[in-house]
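Commentary on secondary and tertiary structure
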Amino acid sequence: MNLAGAKFEHVKSALYGFTGDSIHSEGVLNLLVDLGTPPCQHIQSVEFVVIDCPSSYNAIIGRPTLYAIRAVTSTYHLLVKFPTIGGIGILKGDQQASRDIYKAASRSSNAHRMNVIKTFKSPLEHSPPRTIAINSRAGRQPPN
């Protein structure tokens, strides 16, 4: 990654994960990112929050950037499309690489298993939705 001329600002802030754990950022980095291939290419200034922790990813492009480039994403197809002056720009994922990264991340993870929460719509029209928690360690529903 060529970071020559990149502006790094030391900003300390806490980032919270899905499990409630937190990590402090090292700072913020603004980079120009080339998306797509010529002639269907878009160059976008992206602000990255820098953290010091092991990760399967080099960088994560978030919703603000996807919104700025007017992207349409398909997680099923591992595909992002966005309009450019030269036509429709395309970013393609690699299914095998995605599987390998997922396996490596799940092997190296020391995190506890999370409970899976499923929300079911009640059969009665005006009843609130019912939530059932499934303990992923035991694999069964808790009693009602």
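Quick look at the structure, then. Just so you know, these numbers come straight off a predicted model, no measurement behind them.

With respect to the sheet that holds strand S5 (residues 40-50)
Judged by pairing direction, the sheet is antiparallel, and its three strands sit side by side in the order S1-S4-S5 without closing on themselves. Edge strands, defined here as strands with exactly one partner in the open sheet, are strand S1 (7-9) and S5. When the angles between neighbouring strand axes are averaged without regard to direction, this sheet yields 30 degrees. Here S1 runs beside strand S4 (residues 27-37); their pairing, made up of three bridges, is antiparallel. Residue pairing for S4: lysine 7 is matched across the bridge by asparagine 30.

Digging into the side chain of threonine 84
Inspection of the secondary structure puts threonine 84 in strand S7 (residues 79-84). Among the polar contacts made by the side chain of threonine 84, one reaches the main-chain carbonyl oxygen of glycine 87 at a distance of 2.5 Å. Aside from chain neighbours lying at most four places away, what touches threonine 84 is Pro39, Cys40, Gln41, His42 and Gly89.

Let's talk about the sheet that holds strand S8 (residues 87-92)
Across the sheet, three strands lie side by side as S6-S7-S8; this open sheet has antiparallel pairing. Of all strands in the sheet, those bounded by a partner on one side alone are strand S6 (72-74) and S8. Across this sheet, the average inter-strand angle for adjacent strands is 20 degrees, counted without regard to direction. Of the pairings in the sheet, the one linking S7 to S8 comprises six bridges and is antiparallel in character. Counted as the bridge partner of proline 83 is isoleucine 88 from S8.

Things to note about the nonpolar core
If you look at the biggest cluster of nonpolar residues, it comprises nine residues: Leu29, Leu31, Val33, Leu35, Val46, Phe48, Ile69, Val80 and Phe82. Breaking this core down by element, the ones donating at least two residues are S4, S5 and S7. Of all the elements, S4 adds the most residues to this core, at four residues.

Conventions and cut-offs
- Within each chain, residues carry numbers counting from 1 in the order of the written sequence.
- Confidence filtering applies because this is a predicted model: local features only for residues at pLDDT of at least 70, side-chain atom pairs given and counted only at 80 or more, and all residues used for totals across whole chains, interfaces and linings.
- Where side-chain values are given, they derive from all heavy atoms of the structure, hydrogens and water being excluded.
- Two strands pair if DSSP finds at least two bridges between them.
- Each helix is a run of H or I in the DSSP string that is no shorter than four residues. Each strand is a run of E no shorter than two, and both are numbered from the N terminus.
- Between the N-to-C directions of two axes lies an angle of 0 to 180 degrees, each axis being a line fitted to C-alpha atoms and, for a helix, fitted only over the stretch in contact.
- A 3.5 Å cut-off defines polar contacts: any pair of N or O atoms within that distance qualifies, except that in protein one atom must be a possible hydrogen donor and the other a possible acceptor, and neighbouring residues in sequence count only when both atoms are side-chain atoms.
- Any two residues having at least one pair of non-hydrogen atoms within 4.5 Å are treated as being in contact.
- To form a nonpolar core, buried Ala, Val, Leu, Ile, Met, Phe, Trp, Tyr and Cys residues must be joined to one another through side-chain atoms within 4.5 Å.
- Relative accessibility decides the category of a residue: with a 1.4 Å probe and only protein chains considered, values under 20% of the type maximum give buried, values over 50% give exposed, and everything between is partly exposed.

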